[in-house]
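One-letter residues, chain by chain:
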Amino acid sequence: MRKLIRKVGPCRLEPQLQRPPFESLARAIAHQQLNGTAAETILRRFVALFPGSSFPSAKKLAIVTDDAIRAAGFSRAKIAALRDLAEKAISGVVPSRSKINSLSNEEIIERLTEIRGIGQWTVEMLLIFQLGRLDVLPADDFGVRTGFAKAYGLPTLPKPGELREFGERWRPFRTVASWYLWRAADAAKPIKAKKLPPLKSASGRARKKQAGNQEDQQ
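Residues numbered from 1 in each chain as written. Predicted model: local features only at pLDDT ≥ 70, side-chain atom pairs only at ≥ 80, totals over all residues. Heavy atoms only, no water.

1. Some thoughts on the packing of aromatic side chains
We count it as follows: Each aromatic pair joins two rings of Phe, Tyr and Trp (for Trp, the six-membered one) with centres within 6.5 Å, and gets the label stacked for planes under 30 degrees apart, edge-to-face for over 60, and tilted for any other angle. A 1.4 Å probe rolled over the protein chains alone gives each residue an accessible area, and that area as a share of the maximum for its type sets the label: buried under 20%, exposed over 50%, partly exposed in between. Two limits define a charge over a ring: the Lys NZ or Arg CZ must be within 6 Å of the ring centre, and within 35 degrees of the ring normal.
Counting across every chain of the model gives 10 aromatic pairs. Between F148 and Y152, the ring centres sit 4.5 Å apart and the planes meet at 25°, which makes this aromatic pair stacked. Given a relative accessible area of 30%, Y152 falls into the partly exposed group. A centroid spacing of 5.6 Å and a plane angle of 70° characterise the contact between F166 and W170, whose relative ring orientation is edge-to-face. Taken together, F46, F50, F55 and F74 form an aromatic cluster joined through their ring pairs. The residue whose ring lies beneath R169 is F166, and the NZ or CZ to ring-centre distance is 3.7 Å. It is R183 that lies over the ring of W179; its NZ or CZ is 4.8 Å from the centre.

In structure tokens:
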């Protein structure tokens, strides 16, 4: 890890601390199984359903029909997840931005994984990138596992349990360790080879030369 930190430099993680948990989770639902560009396009259409709002509240979501949300690009499964998220936000299961800061990581995970379509990994991403919690190790994350194997010279990816056990030595800054492991995973990605122009066959070159000689003779 020391070698990785020296190579990458200072940690540049910048959490979005002002985003409410409801919005963060709604955006996470939109991004599930989609690339970033497609998800952001759907989110722009979704937000456009609520004129005058930078992002709708849970109560505002309740007054929009499923058909309207579907037209924005959400699947029926994701609409069901959004509905459940809104219901739990209104009932208080999803805490407000001020309330969530008083809860521990474990309490937040326990609460938010009650929401349909929200698993532990999604909540861990919220803890890291929205709440700025410094001691989170998403051991199931493929990028973190890949980065660990790369940084520590392992031939195969570690199992999540093995990574959690090893990661105990990084407390209370497991988030920082995760960030560096993501950078190691990025560096391990294969470089895409550029396509070279097709080679002309020898017979093709010969025919072209022969045609040129015939023109000269004419």
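2. Re helix α9 (residues 120-129)
As a reminder, the rule being used: Labels follow the DSSP assignment, with helices taken as runs of H or I lasting at least four residues and strands as runs of E lasting at least two, numbered in each case from the N terminus. Here a residue-residue contact requires only that any non-hydrogen atoms of the pair lie within 4.5 Å.
For α9, the buried fraction is high: 7 of the 10 residues fall into the buried class. At its buried positions, α9 is contacted by α2 (21-31), α7 (97-100), α8 (105-112) and α12 (174-188).

3. What to know about the environment of I5
Looking at the element boundaries, I5 is found in helix α1 (residues 2-8). The sequence separation of I5 and R183 amounts to 178 residues, and the corresponding C-alpha distance is 9.7 Å.

4. Brief notes about the environment of D186
Positionally, D186 belongs in helix α12. Among the residues examined, D186 registers a relative accessible area of 37% and is labelled partly exposed. Along the primary structure D186 and G147 are separated by 39 residues, whereas in three dimensions their C-alpha atoms are 7.8 Å apart.

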